[in-house]
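Here is what each chain is made of, one letter per residue.
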Amino acid sequence: MRFLWFGKKKVKAEPVLELEKEREPEEVYSVVGFTCETNPIATAKNTQLHLEVINSLILSVLSQANSPADIAAQEFFQAHGANVLPTDDFTYSAERGYSSRVRDEKTLRTVLIGPAPVIARASTPFCRAISTAILDNPEAFVVAVDGIAYASYSITKELV
């Protein structure tokens, strides 16, 4: 008597080659050229803001937006110690940028983020650091808090 399973030869399975799928290029956004002046009008009283407050105001406004560029900016400001503060009256326009009212402790601040020509019409003259940053990159965003420009930054996109 012969058992069926003793008489059969084992067949070696051929190795299956998994071909690596061709990877699609991915868009990666990042913040570059961040410039911040904590006291842009040195001769005026009560215009100085701490860097952490400026970063938190920017993050709070951008936290209301959800494009990939906005998310990259949110990650940048979070990495630099920013916290999200309560916001009201958020608006966005592709031509004018972002605006919102942000509550910083007991103070309600108006924050504008947009192209330099738009912010220049709604704020005091830019300080030297902000003006230089805009000359270096005319596409940069300018951040104004209560009518005073405090920061500038750009967002770049790369395919990797």
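This structure is a prediction, so every number in the text was calculated from the model and none was measured.

Student: Explanation requested: the layout of surface pockets in the structure shown.
Tutor: Over the atoms a probe the size of a water molecule is rolled, and this reveals where empty space is left. Put simply, the largest pocket is a space of about 210 Å³. Lining the largest pocket are Ala65, Ser67, Ala69, Asp70, Phe90, Tyr92, Ala94, Gly97, Tyr98, Pro115, Phe141 and Ile155. When residues of the lining of the largest pocket are traced back to their parent elements, those giving at least two are helix H3 (68-79), strand S2 (87-93) and strand S3 (97-104). Residues of the lining of the largest pocket, tallied by class, amount to 9 nonpolar, 2 polar and 1 charged. In this structure, the second largest pocket occupies an estimated 160 Å³ of space. Lining the second largest pocket we find Thr91, Tyr92, Ser93, Arg96, Gly97, Tyr98, Ser99, Leu112, Val118, Ile119, Arg121 and Ala122. Residue composition of the lining of the second largest pocket, by class: 6 nonpolar, 4 polar and 2 charged.

Calculation criteria
Residues numbered from 1 in each chain as written. Predicted model: local features only at pLDDT ≥ 70, side-chain atom pairs only at ≥ 80, totals over all residues. Heavy atoms only, no water. 1 Å grid on protein atoms, 1.4 Å probe; cavity = no way out; pocket = protein on both sides within 12 Å on 5 of 7 lines; lining within 4 Å. Points joined across faces, edges and corners; volume = space filled by probe spheres on them. Helix = DSSP H or I, 4+ residues; strand = E, 2+ residues; numbered from the N terminus. Nonpolar A, V, L, I, M, F, W, Y, C, P; charged D, E, K, R; others polar.

Everything listed here is a matter of coordinates, which is why it stays silent on function.
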